[in-house]
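What follows is each chain in one-letter form.
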Amino acid sequence: MPSSRLDPIDRKILAELQADGRMTNVELARRVGISAPPCLRRVRTLEEQGYIKGYHARVDAHELGFEVQVFVMVGLVSQAEADLVAFEERCRAWPLVRECHMLNGEVDFILKCVAPDLSTFQSFLTSDLTAAENVASVKTSLVIRGAKHEPGVPFEVLEERLGRSA
């Protein structure tokens, strides 16, 4: 289990930063129970080791005028590795596609898309996505409302799991 390389303080640091990435190092150190200099060293090490991928603001898409959110299930003609990679690269280039996940099952990919309005999404759908090379099928589901958005991982589950294995 990869997280076994992390001690309890490292895991506390990650959990606190996941909940509030803007807190000062002094506040973080206070919350995890160590002084500021070793806390900063630990954060830098966690960044260097890839446990912390970055920091960002969680913006409100609706307030910014992005009224439409759609999940798109995409089936491809070919699932050869080169074709999968080519589709992933294409998705990275489309601004309306915010997330792209390859799946196992009936569809090959699920995309999370946002758009300011339905006509913008429809234009993307007909001009870009369905016209893309290797795309065999596309099914869309318009989001009516979101009930939960929790980025990251549930650290309480990790701690419980580590407690059982100790």
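This write-up is about the structure you can find in this document. In this text the structure is predicted, and so the values were computed from the model without any measurement. All residue numbers refer to position in the chain's written sequence, counted from 1. Thresholds applied to this predicted model are a pLDDT of at least 70 for local features of residues and 80 or more for the giving and counting of side-chain atom pairs; totals over whole chains, interfaces and linings are not thresholded and use all residues. Derived side-chain values reflect all non-hydrogen atoms in the structure, with water molecules and hydrogen atoms excluded from consideration.

What makes two strands pair is DSSP finding at least two bridges between them. Labels follow the DSSP assignment, with helices taken as runs of H or I lasting at least four residues and strands as runs of E lasting at least two, numbered in each case from the N terminus. Across the sheet, four strands lie side by side as 2-3-1-4; this open sheet has antiparallel pairing. Each of the sheet's edge strands pairs with one partner strand only, and the pair in question is strand 2 (97–102) and strand 4 (135–142). Strand-to-strand, the axes of this sheet are offset by a mean angle of 20 degrees, without reference to chain direction. Pairing of strand 1 (residues 68–76) with strand 3 (residues 109–115), which is carried by seven bridges, proceeds in the antiparallel orientation. Along strand 3, the bridge assignment pairs Val 68 with Ala 115. In this analysis, two residues are considered to be in contact whenever any of their non-hydrogen atoms come within 4.5 Å of each other. Lines fitted to C-alpha atoms define the axes here, with helix axes fitted over just the stretch in contact, and angles between the N-to-C directions of these axes take values from 0 to 180 degrees. Helix 4 (residues 81–93) rests against strand 1, strand 2, strand 3 and strand 4 of the sheet, and its axis sits at about 10 degrees to strand 3. Helix-sheet contacts for helix 5 (residues 118–129) involve strand 1, strand 2, strand 3 and strand 4, and the interaxial angle to strand 4 is about 170 degrees.

Take Arg 11: it is sitting in helix 1 (residues 8–19). Pairs of N or O atoms are called polar contacts if they sit within 3.5 Å, as long as, within protein, a hydrogen donor faces a hydrogen acceptor (for residues adjacent in sequence, only side-chain-to-side-chain pairs). A distance of 2.5 Å separates polar atoms of two side chains, one belonging to Arg 11 and the other to Glu 159.

Now for the packing of helix 1 against helix 6 (residues 155–165). The N-to-C vectors of helix 1 and helix 6 enclose an angle of 165 degrees; their axes lie 10 Å apart at closest approach. In terms of orientation, helix 1 lies roughly antiparallel with respect to helix 6. Handedness of the helix 1/helix 6 crossing: left-handed. Within the contact between the two elements, helix 1 uses Arg 11, Leu 14, Ala 15 and Gln 18 and helix 6 uses Phe 155, Leu 158, Glu 159 and Leu 162. Here the contact of helix 1 with helix 6 is built from residues that sort into five nonpolar, one polar and two charged. Angle categories are assigned with fixed cut-offs, so that under 35 degrees is roughly parallel, over 145 is roughly antiparallel, 65 to 115 is roughly perpendicular, and the rest are oblique. Handedness of a crossing follows from how the near helix is turned relative to the far one, being left-handed for an anticlockwise turn of less than a right angle and right-handed for a clockwise one. All amino acids are sorted into three groups, where Ala, Val, Leu, Ile, Met, Phe, Trp, Tyr, Cys and Pro are nonpolar, Asp, Glu, Lys and Arg are charged, and the leftover types, Gly among them, are polar.

Keep in mind that these numbers describe shape and distance, not what the molecule does.
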